[in-house]
Amino acid sequence: MLAKTVLSLGLWLQFAVGQNTPERGPQPSVANSEGDLLFLLDSSGSVSYYEFSKVKEFMWDLVQPFTFGPKGVQASIIHISTVPTMEFPFDRHPSGAALRQAIRDTRQLMGDTNTGSALSYARDKLFSNQAGARPDVPKVLVWVTDGFSSDDISEPMQLLKDMGVTVFIVSTGRGNYLQLSAAASPPPDKHLHFVDVDDLPIITKELRDAILDVIQANQLHAVDITSSSFHLTWPKLLSQETGYYTLEYAPTDDLARKRTMQVSGAHTSLMLSNLAPETTYEVALIPESNVHYFAPQTTRVTTLAEEISPTQVLISESAPRSFHVSWAPTLDSVIGYQILYGPLPGNSVKLLEVDGKHNSTVVENLAPNTTYLVTVTAIYRSGKEKSLSAKACTLEATEARGYKHRQSMTDSGMN
């Protein structure tokens, strides 16, 4: 017992003076996760200095594998005291190293245990741009408590949960089970932990995995969307050894056409093709794990309007040094056209660019009596390109003069 007390006291002193906290072994990095993580830290006088330092150690270990930053996890700390105080906003520390140093530097405030006031304050900060919170990412609250509060917590905690915040509670004292289980997100066996302050490391991995389940719950995204396909990506949840994914998708207006397929647990992306243009699809990715439960991930994707190539390229009004090029159709989904032209045979190619609202142009400064290859490429808003080609011949200079002479004689006769 004395050896355990001396060892714990030594770790506390090392942590309190700001030296490096002992590593508990390398942790694999956790990427592809976005969420705002708020620690509600009991900084009141009811917590001893030793207990406060152990809770900081616990927080330090808990965040170690996360990837932090504006496209990852952001974290903040609010002190429970007489007056709630934010230690730092969500966007203050964009790296894990900076965040862990900030946790080390956090000092206890003492004062009363006004947890209800701190929860009301937290509700504002979790949805505040001024505090660096992001509007469209999962919100997670981790409340570490000795089980005592000077004011009511039920109403402000319920308001937080009603706004979509997932609440985890870690009680290091003899808190009221019924009160704390009602305060935590359901089910309590996943969101509420009772543990002695010296045994906090026992629940670190379990709590971290539960937080991951929340912030990765809606990380299914569609990219490279076209009129007939899109590419699905999701964070790595499984491996080939730990399970597989069931993928379901169907048009929103005809869910009876649902298609189902199985995807290896080693995959984190999949291309869906042969889809209908301008159609909204409901997509669900269900991790089938043989290790532990993962919530299904869902998204809704709308394909683009159908992209049509120029159906024909017409050459007209040919002259020794120019000709007129036209094509059809013009579409709202086209932002522009590129006209490439060059003599045959030959490697010299020139480019004309035409606004997507037009379907013709004049190609000039050409060589007489020469065959040209003309390629019209439609550039779509999606980034795709579709092309069609035609050959065009310029007139001989003498042929053009003869044509003009005959035309002049005809005009004179008509007069």
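Residues numbered from 1 in each chain as written. Predicted model: local features only at pLDDT ≥ 70, side-chain atom pairs only at ≥ 80, totals over all residues. Heavy atoms only, no water.

Colleague: How should I be thinking about the overall build of the chain in this particular structure?
Modeller: From N to C terminus, the chain includes nine helices and 20 strands. For the chain, with 415 residues in total, the buried portion stands at 45%. The long-range share in the chain, meaning contacts at least 24 apart out of those at least 6 apart in sequence, stands at 68%. Carbon and sulfur atoms make up 52% of the accessible area of the chain, which amounts to about 21100 Å² in all. (Helix = DSSP H or I, 4+ residues; strand = E, 2+ residues; numbered from the N terminus. Buried < 20%, exposed > 50% of the residue type's maximum accessible area, 1.4 Å probe, protein only. Contact = heavy atoms within 4.5 Å. Areas by Shrake-Rupley, 256 points an atom, 1.4 Å probe, with all protein chains shown as cover.)

Colleague: How should I be thinking about the side chain of Thr145 in this particular structure?
Modeller: Within the secondary structure, Thr145 is located in strand 4 (residues 139-145). Setting aside chain neighbours within four positions, we find Thr145 in contact with Asp42, Ile169, Val170, Ser171, Thr172 and Gly173.

Colleague: Would you take a moment to explain the sheet that holds strand 9 (residues 243-251) for this structure?
Modeller: Across a sheet, strands are paired by hydrogen bonds formed along the backbone, either parallel or antiparallel in direction. With antiparallel pairing, four strands are arranged side by side in an open sheet as 10-9-12-13. Each edge of the sheet is formed by a strand with only one pairing partner; in this case those strands are strand 10 (259-264) and strand 13 (297-302). Put simply, the sheet's adjacent strands are angled 20° from each other on average, direction ignored. In the sheet, strand 9 pairs with strand 10 via six bridges, with the strands oriented antiparallel. Within strand 10, the position partnered with Tyr249 by the bridge is Arg259. (Pairing = 2+ DSSP bridges. Axes fitted to C-alpha atoms, helices over the stretch in contact; angles between N-to-C directions.)

Colleague: How should I be thinking about the sheet that holds strand 20 (residues 385-393) in this particular structure?
Modeller: An order of 17-16-19-20 is seen for the four strands of this open sheet, with the pairing classed as antiparallel. Looking at strand neighbours, the two that pair on one side only are strand 17 (350-355) and strand 20, the edges of this open sheet. Across this sheet, the average inter-strand angle for adjacent strands is 20°, counted without regard to direction. Strand direction decides the pairing type here: strand 16 (residues 334-343) and strand 19 (residues 371-380), joined by nine bridges, are antiparallel. Across the sheet, residue Gly336 finds its bridge partner in strand 19, namely Ile379.

Colleague: Quick question: what am I supposed to make of helix 8 (residues 204-215) here?
Modeller: Along an α-helix, a turn takes 3.6 residues, which lines up residues three or four apart on a common side. With twelve residues, helix 8 should reach 16 Å at 1.5 Å per residue; the first-to-last C-alpha distance of 17 Å fits that figure. Listed as buried for helix 8 are Thr204, Leu207, Arg208, Ala210, Ile211, Leu212, Asp213, Val214 and Ile215. (Expected span 1.5 Å × (residues − 1).)

Colleague: Help me understand unusual backbone geometry, please; the structure alone is not making it clear to me.
Modeller: Excluding glycine, residues mostly carry a negative phi; peptide bonds, for their part, are mostly trans. The step from Pro186 to Pro187 runs through a cis peptide bond, and the omega angle for that step is -5°. Counting through the fold element by element, Pro187 comes out in the loop between helix 6 (177-183) and helix 7 (188-191). Omega for the peptide link from Leu344 to Pro345 comes to -10°, which places this bond in the cis form. Mapped onto the fold, Pro345 is located in the loop between strand 16 and strand 17. Its identity is not glycine, yet Asn365 carries a phi of approximately 60°, on the positive side. Looking at where Asn365 falls in the secondary structure, it is placed in the loop between strand 18 (360-363) and strand 19.

Colleague: Help me understand empty space enclosed by the protein, please; the structure alone is not making it clear to me.
Modeller: Over the atoms, a rolled probe matching the size of one water molecule traces out where space is still vacant. What the rule picks out here adds up to two cavities of 30 Å³ or more. As a volume, the largest cavity reaches approximately 70 Å³. Residue lining of the largest cavity: Leu41, Asp42, Val47, Glu51, Val55, Val144, Thr145, Asp146, Thr172 and Val197, and that is the complete set. Those elements giving two or more residues to the lining of the largest cavity turn out to be strand 1 (35-42), helix 2 (49-63) and strand 4. When its residues are assigned to classes, the lining of the largest cavity shows five nonpolar, two polar and three charged. (1 Å grid on protein atoms, 1.4 Å probe; cavity = no way out; pocket = protein on both sides within 12 Å on 5 of 7 lines; lining within 4 Å. Points joined across faces, edges and corners; volume = space filled by probe spheres on them. Nonpolar A, V, L, I, M, F, W, Y, C, P; charged D, E, K, R; others polar.)

Colleague: Help me understand the pairing of strand 5 (residues 165-171), please; the structure alone is not making it clear to me.
Modeller: Where burial is concerned, most of strand 5 is hidden: seven out of the seven residues are buried. In strand 5, alternate side chains face the same way, and those of Val165, Val167, Ile169 and Ser171 on one face and Thr166, Phe168 and Val170 on the other are all buried. Where strand 4 lies against strand 5, seven bridges are found, and the strand directions are parallel. Bridging from a neighbouring strand, Lys139 pairs with Val165 of strand 5.

Take it as geometry only, folks, not as evidence of what the structure does.
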